[in-house]
Amino acid sequence: MKLLKDKIAQEGKVLSENVLKVDSFLNHQIDPVLMQAIGEEFATRYKDAGVTKIVTIESSGIAPSMFAGLTLGVPVVFARKRKSLTLSDNLYTSKVHSFTKNETNDISISRNFLSSEDVVLIIDDFLANGQAVLGLLDIVEQANATTAGVGIVIEKGFQTGGSIIRERGIRVDSLANIKSLANGKVDFFEEAPTR
């Protein structure tokens, strides 16, 4: 997705060979015009997949998920990382290790919002080691729902997450796939044709 790649090139900051900071438009300050374009792109790619719910994880996956949900006309459900007085039982729960924060969290979704009748599109901001997506897939499986695929805003293609998910036979659509962050420069893989 050229618009996204241009934004990463202009505003992304390479902090190391493994870390790309995009807090000016994706995961601290949000660029609503870009998020709308991203959501519409995911909706276009999954318009014929029968999606009934979009599932993401708090917090950076929420903005692109909302625009995809708006375009597809389906609800967005986000997995919570923190316990809540209003979300304490009747939950699907999975453990997720965050590479960026170096911590493990339980993520939870109420059983009221995900069932065996749902066809789920998972959306997340980054795919690196795949832990967040694996946790969300685990929750979708616990609900006996069907996974339509996984939409990723930015994939770090040089890390193992994408391979792990694809090897499970799950469709992954990454809008920007990074080949390398070496020498302080973002190098993208060539974009695969849209199905």
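Here, every reference points to the structure presented above.
Residues numbered from 1 in each chain as written. Predicted model: local features only at pLDDT ≥ 70, side-chain atom pairs only at ≥ 80, totals over all residues. Heavy atoms only, no water.

Taken as a whole and judged by the stated rule, the model has zero aromatic pairs. Sitting over the face of the ring of Tyr-46, Arg-171 holds its NZ or CZ atom 4.0 Å from the ring centroid. (Phe/Tyr/Trp six-rings, centres within 6.5 Å; stacked < 30°, edge-to-face > 60°. Lys NZ or Arg CZ within 6 Å of the ring centre and 35° of its normal.)

Counting 31 residues, the largest nonpolar core has Leu-4, Ile-8, Leu-26, Ile-38 and Ile-154 as its most contacted members. Every element with two or more residues in this core is listed here: α1 (2-11), α2 (32-45), α3 (62-72), β7 (119-127), β8 (146-156) and β9 (172-180). Looking at this core element by element, the count peaks at five residues for α2. Not counting residues within four places of it along the chain, the set of residues in contact with Leu-26 comprises Met-35, Ser-60, Asp-125, Phe-126, Val-153 and Ile-154. By size, the runner-up hydrophobic cluster in this structure holds 25 residues, among which are Leu-136, Ala-145, Ile-152 and Val-172. (Core = buried A, V, L, I, M, F, W, Y, C linked by side-chain atoms within 4.5 Å. Buried < 20%, exposed > 50% of the residue type's maximum accessible area, 1.4 Å probe, protein only. Helix = DSSP H or I, 4+ residues; strand = E, 2+ residues; numbered from the N terminus. Contact = heavy atoms within 4.5 Å.)

Moving on, we get to the sheet that holds strand β3 (residues 53-57). The mixed open sheet is built from six strands, whose spatial order is β4-β3-β7-β8-β9-β10. Of all the strands in the sheet, just β4 (76-79) and β10 (187-188) have a single pairing partner and so form its edges. Strand direction decides the pairing type here: β8 and β9, joined by six bridges, are parallel. Note that in β9 the partner of Lys-156 across the bridge is Ile-178. The sheet strands contacting α1 are β8, β9 and β10, and the helix crosses β9 at an angle near 35°. In this fold α3 packs onto β3, β4, β7 and β8, with an angle of close to 175° to the strand it touches most, β3. (Pairing = 2+ DSSP bridges. Axes fitted to C-alpha atoms, helices over the stretch in contact; angles between N-to-C directions.)

Here we take up the side chain of Gln-159. Of note, Gln-159 is situated in the loop between β8 and α5 (161-167). Taking the relative accessible area as the measure of exposure, Gln-159 reaches 10% and is therefore buried. Setting aside its immediate chain neighbours within four residues, Gln-159 contacts Asn-18, Phe-99, Ala-128 and Asn-129.

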